[in-house]
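Descriptive analysis of the structure
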Amino acid sequence: MESTGMRAVVGRNSIPTGADPLGRRRYLAYAGVVIYLFGQAYDTYWHAKNVSFVVEPPGSLWTIHLGIWVGALVTATAGATLWRVRGFRVAGGLLALGAAVELAGYFLDMWKHSQGTSLDFYHDLVWYGFGVVVIGMVRIEAMRRNLLGRSVQRDDSEL
């Protein structure tokens, strides 16, 4: 089932054949996810090498979580830019919401680590946010494929 916004874009024939309706916005979203995952990998590596319940100074926590923060901010930016593309507003909203949940989870996690404690829910919150981002990315690809497929079909029928 397609959204009303998607029908409006397809109905106007505003997308030339072979043109990506998202342009660089899609690459920005993927860059945010990749940076985030590398940040998560570094965080996991750091936790494997260090005791989790040692009080860390804020500067150290920012360094440890930098990749995660940057990835989530890039993902949120991509979501905000997608919000303005008709037919992709839901996907953009999912990216922005997921990134906001990731950032909230990591802010709370850093706060707990700065006190020398940890709470599993804050770690889980980060992954819940990432799950929402993944759903948004799947929606982007599905809507894009639907739009590009209809554009090609329309041009073939004009021949």
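Scroll up for the structure.
These remarks concern the structure in this document. Everything numeric in this text was worked out from a predicted model, so none of it was measured. (Residues numbered from 1 in each chain as written. Predicted model: local features only at pLDDT ≥ 70, side-chain atom pairs only at ≥ 80, totals over all residues. Heavy atoms only, no water.)

On to the environment of Y36. Summarising the element assignment, Y36 is placed in helix 2 (residues 24–49). Take Y36: its relative accessible area is 1%, and that puts it in the buried class. (Helix = DSSP H or I, 4+ residues; strand = E, 2+ residues; numbered from the N terminus. Buried < 20%, exposed > 50% of the residue type's maximum accessible area, 1.4 Å probe, protein only.)

Where helix 4 (residues 66–82) contacts helix 5 (residues 89–114), the axes come no closer than 7 Å and their chain directions differ by 155 degrees. By the criterion of interaxial angle, the relationship of helix 4 to helix 5 is roughly antiparallel. The element helix 4 and its partner helix 5 pack so that their crossing is left-handed. Of helix 5, the residues touching helix 4 (which contributes I68, W69, A72, L73, T75, A76, A78, G79 and L82) are R89, G92, L95, A96, A99, E102, L103, Y106, F107 and M110. (Axes fitted to C-alpha atoms, helices over the stretch in contact; angles between N-to-C directions. Parallel < 35°, antiparallel > 145°, perpendicular 65-115°, else oblique. Left-handed = near helix turned anticlockwise from the far one by under 90°. Contact = heavy atoms within 4.5 Å.)

We now examine the pattern of salt bridges. Tallying each qualifying case throughout the model produces two salt bridges. Residues E141 and R26 are paired through a salt bridge, measuring 2.6 Å at the closest nitrogen-oxygen approach. In this pair, E141 sits in helix 6 (residues 120–157) while R26 sits in helix 2, placing the two residues 115 residues apart along the sequence. What makes E141 partly exposed here is its relative accessible area of 23%. Here the salt bridges do not stand alone but share partners, grouping R26, E141 and R144 into one network. (Salt bridge = Lys/Arg side-chain N within 4 Å of Asp/Glu carboxyl O.)

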